[in-house]
Amino acid sequence: MSSVRALVGLVFLEIYRKKDFYVALILMAVILVYASQIEVYNFENIVRYVREIGLMLIYLFSIFLAVPLAARQLAAERDQRTLAVLLAKPVTRGQFIVGKSLGAFLASLSAFLIFYSVFILVTLAKGKMGSPVNLIQAGYLFSLSLLVVTAMASALSYFLTSPAAMTLAFVFYFLMSLFGARFDRFAEESVGLARPLGKAVYYLLPHFEFFDLRQRVIHDWDPVSWGLIAIITAYAVLYTALFLFSGWLKFRRQPL
Amino acid sequence: MMPAVLLIALLSLAGVTSFKVHEAFKYELPEAQSQDIMNRLMGSAQEMVGDAMFTKADAYFHGGLYKQKDFLGEPRSEKAEGHEEEAHHHDEEGHAPSEEGGAPNWIRWIDRQIQATEHRHLEGVDEEVEMLPFLALASRLNPNNLSAIATEAYWLEGRLGRVDEGIEVLVRGIRMNPEAWQLDYQLGMIYYMRKEDYARSAAVFKESIRKARGRERDMGVQDSGAFELAHYLAADSLDRLGLSGEALEFYRQCLAFFGPGSEVPLKGKIEARVRELASSGEGARYFREVE
Amino acid sequence: MVSEPIVIENLTVRYGKSVALDGLSLKVREGEIFGFLGPNGAGKTTTIKVLLGLVYGESGTVRVHGLSPTDCGARRRIGYLPEEAAYYRFLTPLEILRFYGALFRIPRRVLNDRIADLLRLVGLAEVARRPLATFSKGMVQKVGLAQALVNDPDTLILDEPTSGLDPLSRMELRRLLLDLKSRGKTLFVSSHELSEIELICDEVAIIRSGRMVRTGRLKDIMGSASGVSLERFFIETVSGGAS
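Cut-offs applied
Residues numbered from 1 in each chain as written. Chains lettered and ligands numbered in written order. Predicted model: local features only at pLDDT ≥ 70, side-chain atom pairs only at ≥ 80, totals over all residues. Heavy atoms only, no water. Helix = DSSP H or I, 4+ residues; strand = E, 2+ residues; numbered from the N terminus. Rg over C-alpha atoms; globule rule 2.2 N^0.38 Å. Areas by Shrake-Rupley, 256 points an atom, 1.4 Å probe, with all protein chains shown as cover. Lys, Arg positive; Asp, Glu negative; His and termini not counted. Charge placed at Lys NZ, Arg CZ, Asp CG, Glu CD. Buried < 20%, exposed > 50% of the residue type's maximum accessible area, 1.4 Å probe, protein only. Contact = heavy atoms within 4.5 Å. Patch = residues over 30% accessible without salt bridge, like charges linked within 9 Å, V, L, I, M, F, W, Y side chains within 5 Å. Salt bridge = Lys/Arg side-chain N within 4 Å of Asp/Glu carboxyl O. Buried area = accessible area lost by both parts, 1.4 Å probe. Axes fitted to C-alpha atoms, helices over the stretch in contact; angles between N-to-C directions. Left-handed = near helix turned anticlockwise from the far one by under 90°. Nonpolar A, V, L, I, M, F, W, Y, C, P; charged D, E, K, R; others polar. Core = buried A, V, L, I, M, F, W, Y, C linked by side-chain atoms within 4.5 Å. Pairing = 2+ DSSP bridges. Polar contact = N/O pair within 3.5 Å; in protein donor to acceptor, adjacent residues only side chain to side chain. Domains from an automatic or database assignment. Phe/Tyr/Trp six-rings, centres within 6.5 Å; stacked < 30°, edge-to-face > 60°.

Here's the deal with the overall build of chain C
Piece 1. What chain C contains, in helices and strands, is nine helices and nine strands.
Piece 2. Over its C-alpha atoms chain C spans a radius of gyration of 18 Å, differing by no more than 12% from the 18 Å that the globule rule assigns to 243 residues.
Piece 3. When its C-alpha atoms are laid out on the principal axes, chain C stretches across 50 × 40 × 35 Å.
Piece 4. Only carbon and sulfur atoms are counted for the fraction: they give 48% of the accessible area of chain C, which is about 10,700 Å².
Piece 5. With 33 positive and 28 negative side-chain charges, chain C shows a spacing of 4 Å between the two charge centroids.

If you want it as C-alpha cells, here you go:
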C-alpha cells in the first residue's frame with residue numbers, strides 16, 4: 001500500500017507542477033465569471049445558462065486533464081527511462097498499475113473539485129445555487145466517471161501507444177456520454193455488421209451518461225434516489241476493476 | 001511563467017467585472033453583413049446556431065427536455081397545438097410506451113432514472129427569465145427566424161413586464177423581415193393592449209393587414225384568426241381615435257370574415273357599432289363618398 | 001545468510017526469435033565487487049534486467065539473495081544504478097529520494113537522515129531543492145547513485161556507473177565503491193571502463209553473444225596473461241584469441 005501511496009503522490013506532483021491544470025483553471029474561471037456577468041435585459045438573476053456553461057466547462061476540462069494524465073503514465077515512464085528504476089524497487093506491476101491509475105484519478109478529481117468549488121461560488125454569487133443535494137450527487141457521480149475514464153485510459157495505454165490510448169479513451173467517453181442511451185435503438189434499426197457491433201458497444205462499453213446529472217442541477221429537478229447512486233457506484237467500481245485487471249494481464253509479464 | 005499567467009488572469013478578471021456586459025445583447029443593426037461581428041465569426045453557420053438557440057430556449061422552458069425526441073432518441077408524439085402530452089406519459093416504473101412488451105433492459109432503466117422525463121414548464125417570472133439568453137441569442141443570430149423574434153417579444157412584454165424591450169425586438173424584427181405581417185400584428189397588440197397607444201396600434205395593424213393581403217390562401221388557422229382580429233383591432237383603434245370613417249371601413253372588412261349564419265358575439269358587436277357609426281355624421285359622410 | 005547473493009544457472013532469454021542469453025551461468029560472492037564485461041549487444045543489460053525482475057528467462061534459474069528476482073523481498077535488498085537513466089525532471093533530488101525511499105517503507109525519520117547523508121556523500125546537498133530539469137548529466141548520475149543507495153542495499157547493481165562523470169568524480173566514485181565493499185556490500189558492476197574495473201573488481205565475467213566466455217578471479221585471469229592490460233585481454237577474449 002505504501003508503494004501505491006507513493007505512486008499516487010508522484011502523479012499528484014506531476015499534475016500540479018505542470019501548466020495544464022492552471023491554464024484550465026484560469027480559463028474556466030474567466031469564462032464563468034464573464035458569463036455570469038452578462039445581464040440580459042437587465043435581469044440579474046438568470047443563472048441556468050451559467051450553470052450549463054459552467055458544468056460543461058468543468059466536465060470538459062476535467063476529462064481533458066484526466067485522460068491524457070492517465071494515458072501518458074506508462075509512456076512517460078518509458079520515455080523518461082524511469083520505468084526500469086521504478087520497477088527495480090519493491091513495486092509489483094499490479095501496484096504500479098493501480099498506483100498510476102489511482103494517482104491520475106485522484107489528481108484529476110482534485111482539479112475537478114477545485115473547478116466545482118469555483119462554479120458553486122459563482123452560482124452562489126448569482127443568488128441561485130440550486131439544490132445542495134443535486135450538487136452533491138452530480139459531483140459525486142462525475143467523480144465516479146473520472147474513476148472509470150482514468151482506469152479506461154490507463155488500461156488502453158498498456159495495449160496501445162499513449163496517443164492512441166488517449167484518442168480511443170476520448171472517443172469512447174464522448175460516444176457513450178452523448179449517444180450511449182441510444183445505441184440499442186441504433187443497433188435494432190441497423191443491418192449487417194452494424195447491428196452486432198452496436199449491441200456490443202451498448203453492452204460492453206461503460207455508459208458514461210449514467211454519471212451525468214447536469215440536467216437535474218441546471219433545471220432544478222428533484223435529486224435521484226440514493227439507491228440508484230449506490231447501483232451506479234457499484235457499476236463504476238466494477239468497470240474500474242475490469243479495466244485495471246485487463247491492463248495488469250497485459251503488463252504483468254511484459255519484458256521491459 | 002506562472003506570475004505572467006496569473007497577472008494576465010487577474011487583469012482579465014478585473015476587465016470583465018468592471019463593466020456591465022449586457023451591452024453585448026443590445027443589438028444594433030449593422031449597415032452591412034460584413035460589419036456584423038457574429039457573421040464574421042460564424043459565417044453561414046450563424047443562422048443554424050441561432051435556430052439551435054431557439055430550440056434550446058424551448059428545452060429550457062420544458063426543464064431541459066427537447067420536444068422532438070427524448071433522450072433515448074425516441075420521437076415524441078405531437079398534438080395539433082404542437083404540444084406533446086402523450087409522449088410524456090410514463091408508467092410507474094418510468095417506462096415509456098415504446099418499452100412495453102420488450103425485454104427488460106437494466107441499462108435503459110438506469111438511463112430513465114437518471115434523466116428527468118416528467119412534463120413541466122417554467123413558472124413565474126423567476127423561472128421564465130431563464131429562457132431569455134437563448135431567445136435573445138436566437139433572434140440575434142438568425143434575424144429571419146420569425147418564431148424566435150415573436151417568442152422573445154412575447155415573453156418580454158407578456159410575461160416578464162418588459163414592454164419596451166418587447167417592442168424593440170419586434171421593431172428590429174420587422175426591419176429585418178419587412179414582409180412578416182405577423183410581427184406587425186404582434187406589435188400592434190402590444191400598442192393596443194399594453195400601451196393603449198391607439199394611434200400606433202392603428203398604424204401598425206393597418207400595415208400588418210396591408211402586408212398580409214393577398215396571402216390569405218396560404219394562412220393556417222392561427223394566422224387567419226390573427227388576420228381577422230387585426231382588422232377588428234385596427235377598426236377599434238381608429239374608432240377610439242375618432243377616425244370613424246376609416247374605422248367603419250375596417251369594421252365592414254372585418255364583418256366580411258363572418259359567415260352569413262354566424263352568431264359569434266363579436267359579429268353582433270361589430271354590426272351594432274357599424275350601425276352607430278353609419279348613422280353618425282362622419283359615418284354618413286363616409287358612406288356617401290364611398291357610394 | 002546467503003553467501004552468494006547472485007546466482008544464475010543456465011539462463012536463457014529470448015526476445016522473439018533472437019536469443020539474448022544462451023545458458024548463462026555465474027555466481028557472485030558476498031562482499032565482493034564483480035565486474036561484468038562484454039562487447040555491445042553481448043547481453044549485459046539483459047542479464048541485469050533479469051536480476052531486477054524486469055525481464056523473464058525462458059529457462060534456467062536466477063536467485064537474488066535466495067529469492068526469485070520478481071519477489072519484492074529480493075528487490076528490497078538491491079540498489080540499482082542504470083546506464084543513462086533519467087529521473088523525474090519535475091522533482092528535486094530531495095523529492096526523488098523521498099519517493100524512492102517511500103517504496104521501501106523506510107520510516108520517515110530514518111529516511112530523512114539517510115537522504116541528508118546521501119546528498120552530502122554525492123555532493124548535491126547544496127542543490128537538493130532544485131528541480132532536476134536544471135541538472136547536468138553528471139549531476140543526474142549522482143542523483144542516480146544516491147537513489148541506488150537510499151535503501152542501504154546489501155547488493156548494488158551498477159550499469160556503467162562512471163558514465164558522464166569527470167575524472168575527479170570517477171575517482172570519488174571508485175573510492176565510494178571500495179568503501180561500500182569494505183562495509184560488506186556486494187557490487188555487480190557492468191562497465192566498458194576496463195581501467196576502472198581493473199582497479200576495483202575482485203572477480204570478472206566476460207560474455208559474448210549471450211554466452212559466458214571467461215569468468216574467474218581477476219588476478220587469476222590476469223595472472224595467466226601477465227604483462228597484458230585488462231583491455232587487451234578483453235579484446236583478445238571477445239575476438240576469440242585469448243590464451
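Describing the overall build of chain B
Piece 1. Of the regular secondary structure elements, chain B holds 14 helices and zero strands.
Piece 2. For chain B, the succession of helices and strands along the chain, N to C, is α-α-α-α-α-α-α-α-α-α-α-α-α-α.
Piece 3. Here chain B, with 291 residues, has 45% of them falling under the buried criterion.
Piece 4. Counting only contacts in chain B whose residues sit at least 6 apart along the sequence, the fraction spanning at least 24 positions is 54%.
Piece 5. With an accessible surface of roughly 15,600 Å², chain B has 54% of that area assigned to carbon and sulfur atoms.

Some points on a nonpolar patch on the surface
All names here are of chain A.
Piece 1. A cluster of nonpolar side chains, namely Val 133, Ile 136 and Trp 226, defines an oily patch on the protein surface of about 310 Å² accessible area.
Piece 2. Looking at where Val 133 falls in the secondary structure, it is placed in helix H6 (residues 132-159).
Piece 3. On the basis of relative accessible area, Val 133 is assigned to the partly exposed category, the value being 33%.

Topic: the interface of chain A and chain B
Piece 1. Facing the 44 residues of chain A at the interface are 52 residues of chain B.
Piece 2. Interface area for chain A against chain B, summed over the two sides, is near 4,500 Å², with a carbon-plus-sulfur share of 64%.
Piece 3. At the boundary of chain A with chain B, the tally comes to three salt bridges.
Piece 4. Between Glu52(A) and Lys56(B) there is a salt bridge; the shortest N-O distance is 2.5 Å.

Section: the packing of helix H6 (residues 132-141) of chain B against helix H7 (residues 146-159) of chain B
Residue and element names in this part refer to chain B.
Piece 1. Between H6 and H7, the shortest axis-to-axis distance is 8 Å and the interhelical angle comes to 140 degrees. H6 and H7 meet at a crossing whose hand is left-handed. Residue-level contacts link Leu 132, Leu 135, Ala 136, Ala 138 and Ser 139 of H6 to Ala 148, Ile 149, Thr 151, Glu 152, Trp 155 and Leu 156 of H7.
Piece 2. When grouped by side-chain class, the residues that make up the contact of H6 with H7 number eight nonpolar, two polar and one charged.

What about the nonpolar core?
Piece 1. With 206 residues, the main nonpolar core has Phe96(A), Phe115(A), Phe211(A), Tyr87(C), Tyr100(C) and Phe188(C) as its most contacted residues.
Piece 2. One finds Tyr198(B), Ile209(B), Leu233(B) and Leu255(B) within the second-largest nonpolar core, a separate group that totals 28 residues.

Considering the pairing of strand S9 (residues 211-217) of chain C
Along any regular strand the residues' side chains alternate between the sheet's two faces.
Residues and elements named next belong to chain C.
Piece 1. Where strand S8 (residues 203-208) meets S9, six bridges bridge the pair, whose relative direction is antiparallel. Its bridge partner being in S9, Arg 208 is matched across the sheet by Arg 211.
Piece 2. If you look at the hairpin formed by S8 and S9, you'll find two residues sitting between the two strands, and Ser 209 has a positive phi there, around 50 degrees.

Some remarks on the pattern of salt bridges
Working definition: two side chains of opposite charge can pair if their charged atoms are close together.
Piece 1. Enumeration according to the criterion identifies 33 salt bridges over all chains in this entry.
Piece 2. Note that Glu128(B) is salt-bridged to Arg159(B), the shortest N-O span being 2.7 Å. Pair noted here: Glu128(B) is in helix H5 (residues 124-128) and Arg159(B) is in helix H7, with a separation of 31 residues, a long-range link.
Piece 3. Glu157(B) is the partner of Arg194(B) in a salt bridge, and the nearest nitrogen-oxygen pair spans 2.7 Å. Of this pair, Arg194(B) sits in helix H9 (residues 181-195) while Glu157(B) sits in helix H7; the two residues are 37 residues apart in sequence, bridging distant segments of the chain.
Piece 4. Of the residues examined, Glu157(B) reaches a relative accessible area of 10% and is grouped as buried.
Piece 5. Members of the salt-bridge network, linked through shared partners, are Arg29(C), Glu32(C), Glu203(C) and Arg217(C).

Topic: the sheet that holds strand S3 (residues 33-37) of chain C
Residue and element names in this part refer to chain C.
Piece 1. On the basis of which strands lie adjacent, the open sheet formed by six strands has the order S5-S6-S7-S3-S8-S9 and mixed pairing. Each edge of the open sheet carries a strand with a single partner, namely strand S5 (78-81) and S9. Neighbour-to-neighbour, the strand axes of this sheet turn through a mean angle of 15 degrees, independent of strand direction.
Piece 2. Sheet analysis places S5 next to strand S6 (residues 155-159), joined by four bridges and oriented parallel. Residue pairing across strands places Tyr 80 opposite Ile 157, the latter belonging to S6.

What to know about the interface of chain A and chain C
Piece 1. At the interface, 27 residues of chain A touch 28 residues of chain C.
Piece 2. Contact with chain C buries surface across chain A, with Val85(A), Lys89(A) and Pro90(A) losing the most and accounting together for 23% of the total.
Piece 3. For the interface between chain A and chain C, the tally reads one salt bridge.
Piece 4. Among the salt bridges present, the one from Glu95(C) reaches Arg17(A), with a minimum N-O distance of 2.6 Å.
Piece 5. Taken together, chain A and chain C are joined by eleven residue pairs in polar contact (both at pLDDT 80 or more).
Piece 6. Counting residues per element, the ones that place at least two in the side of chain A that touches chain C are helix H1 (2-17) and helix H4 (83-87) of chain A.
Piece 7. Residue contributions to the side of chain A that touches chain C peak at eight residues, all from H1(A).

Thoughts on the domain arrangement of chain C
Residues and elements named next belong to chain C.
Piece 1. Domain parsing of chain C yields domain 1 (1-77 + 155-166 + 183-243) and domain 2 (83-152).
Piece 2. Between the C-alpha centres of domain 1 and domain 2 there is a distance of 26 Å.
Piece 3. With twelve residues of domain 1 in contact, the opposing surface of domain 2 contributes 13 residues.
Piece 4. Of all residues in domain 1, the largest losses of buried area upon contact with domain 2 belong to Arg 76, Leu 156 and Ser 163, amounting jointly to 44% of the total for that side.
Piece 5. At the boundary of domain 1 and domain 2, one finds one salt bridge.
Piece 6. Put simply, Asp 152 and Lys 185 hold a salt bridge, and the shortest N to O gap is 2.8 Å.
Piece 7. The residue inventory of the side of domain 1 that touches domain 2, partitioned by class, reads four nonpolar, two polar and six charged.

A few points about unusual backbone geometry
Piece 1. For Asn42(A), which is not glycine, the phi torsion reads 60 degrees and is therefore positive.
Piece 2. Examined against the element boundaries, Asn42(A) turns out to sit in the loop between helix H2 (20-37) and helix H3 (48-79).
Piece 3. Phi at His65(C) takes a positive value of approximately 50 degrees, unusual for a residue other than glycine.
Piece 4. Here His65(C) shows up in the loop between strand S4 (59-64) and helix H2 (72-75).

Brief notes about the sheet that holds strand S1 (residues 6-15) of chain C
All names here are of chain C.
Piece 1. Strands sit in the order S2-S1-S4 across an open sheet of three strands; the sheet is antiparallel. Because the sheet does not close on itself, it has two edges, and the strands there are strand S2 (18-28) and S4. Across this sheet, the average inter-strand angle for adjacent strands is 25 degrees, counted without regard to direction.
Piece 2. As paired elements, S1 and S4 share five bridges and run antiparallel to each other. In the strand pairing of S4, Val 7 is matched with Arg 63.
Piece 3. The strands touched by helix H1 (residues 44-51) are S1, S2 and S4; relative to S1, the strand with the most contacts, the crossing angle is about 115 degrees.

Observations regarding the packing of aromatic side chains
Piece 1. As enumerated under the stated definition, the model contains 39 aromatic pairs over all chains in all.
Piece 2. Where Phe21(A) meets Phe115(A), the ring centres are 5.9 Å apart and the plane angle is 20 degrees; that geometry is what we call stacked. In this pair, Phe21(A) is assigned in helix H2 and Phe115(A) in helix H5 (residues 93-125), connecting sequence segments 94 residues apart.
Piece 3. Residue class for Phe21(A) comes out buried when judged on its relative accessible area of 2%.
Piece 4. When the ring of Tyr192(B) is compared with that of Tyr198(B), the centres are 5.5 Å apart and the planes differ by 75 degrees; the resulting orientation is edge-to-face. Both residues of the pair, Tyr192(B) and Tyr198(B), count as buried.
Piece 5. Feature note: the residues Phe64(A), Phe170(A), Tyr173(A), Phe174(A), Phe208(A), Phe210(A), Phe211(A), Tyr235(A), Tyr239(A), Phe243(A) and Trp106(B) constitute an aromatic cluster, connected by ring pairs.

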